[in-house]
Amino acid sequence: PGNAFLSKATAAMAADRSVLTIRAVLPNGGGLRTDDGRAVTGFEVSTDGGATWSRNSVAAAIIAPDTVALTFSGGAWPVGARIAYLRGGPFSYGTAEELAAHYKGSLYDGCEADGGLGFPLLELPVSDALVV
């Protein structure tokens, strides 16, 4: 199987900077999904050049079989904001978060593997963050 990932080259910002969409490369023939249909988690944003990161400032939703839409809690996306996905891996949330199973909101490629859940998308690390 091939690795599924978010393609930075497909990132598109709405004219009013309210929504950022990113398409995923899904080489295994599936569509984006989360475990148990959970809300999408794992995205983080930095508005200070990468010095600090927030999981609470960004919301994500699957809007098409290969597309995720991201919104910023402050309204319009700030110019120069950096976006990472699964920074530190899905288990970087810590024990309390793990018990709440937030990792189930990670994006999967929805192929036939694992009963249709598929393989998790690769991280978008801080070192390769999307700058919008």
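This text gives an overview of the structure that appears in the document. (Residues numbered from 1 in each chain as written. Predicted model: local features only at pLDDT ≥ 70, side-chain atom pairs only at ≥ 80, totals over all residues. Heavy atoms only, no water.)

1. Looking at the pairing of strand 5 (residues 58–64)
At step 1: The sheet contact formed by strand 5 and strand 6 (residues 67–72) spans 6 bridges and is antiparallel. Paired with A61 across the two strands is A69, which belongs to strand 6.
At step 2: What sits between strand 5 and strand 6 in their antiparallel hairpin is a turn of 2 residues. (Pairing = 2+ DSSP bridges. Helix = DSSP H or I, 4+ residues; strand = E, 2+ residues; numbered from the N terminus.)

2. Description of the sheet that holds strand 8 (residues 130–131)
At step 1: On the basis of which strands lie adjacent, the open sheet formed by 3 strands has the order 4-7-8 and antiparallel pairing. Only two strands of the sheet have a single partner each, and these edge strands are strand 4 (43–46) and strand 8.
At step 2: The sheet contact formed by strand 4 and strand 7 (residues 82–85) spans 4 bridges and is antiparallel. In the sheet register, F43 faces strand 7, and the bridge partner there is Y85.

3. A short note on the nonpolar core
The nonpolar side chains of a soluble globular protein tend to be buried, and buried together.
At step 1: Ranked by internal contacts, the top residues of the largest apolar core, which has 25 residues, are F43, L70, W77, I83, L107 and L121.
At step 2: For this core, the secondary structure elements donating two or more residues are strand 3 (20–25), strand 4, strand 5, strand 6 and strand 7.
At step 3: Aside from chain neighbours lying at most four places away, what touches L107 is L6, L32, R33, T34, V40, F43, I62, V68, Y85, F119, P120 and L121. (Core = buried A, V, L, I, M, F, W, Y, C linked by side-chain atoms within 4.5 Å. Buried < 20%, exposed > 50% of the residue type's maximum accessible area, 1.4 Å probe, protein only. Contact = heavy atoms within 4.5 Å.)

4. Some words on the packing of aromatic side chains
At step 1: Following the criterion strictly, the structure yields 2 aromatic pairs and no others.
At step 2: Judged by centre distance (5.3 Å) and plane angle (35°), the ring pair of F72 and W77 falls under tilted.
At step 3: For W77, a relative accessible area of 2% puts it in the buried group. (Phe/Tyr/Trp six-rings, centres within 6.5 Å; stacked < 30°, edge-to-face > 60°.)

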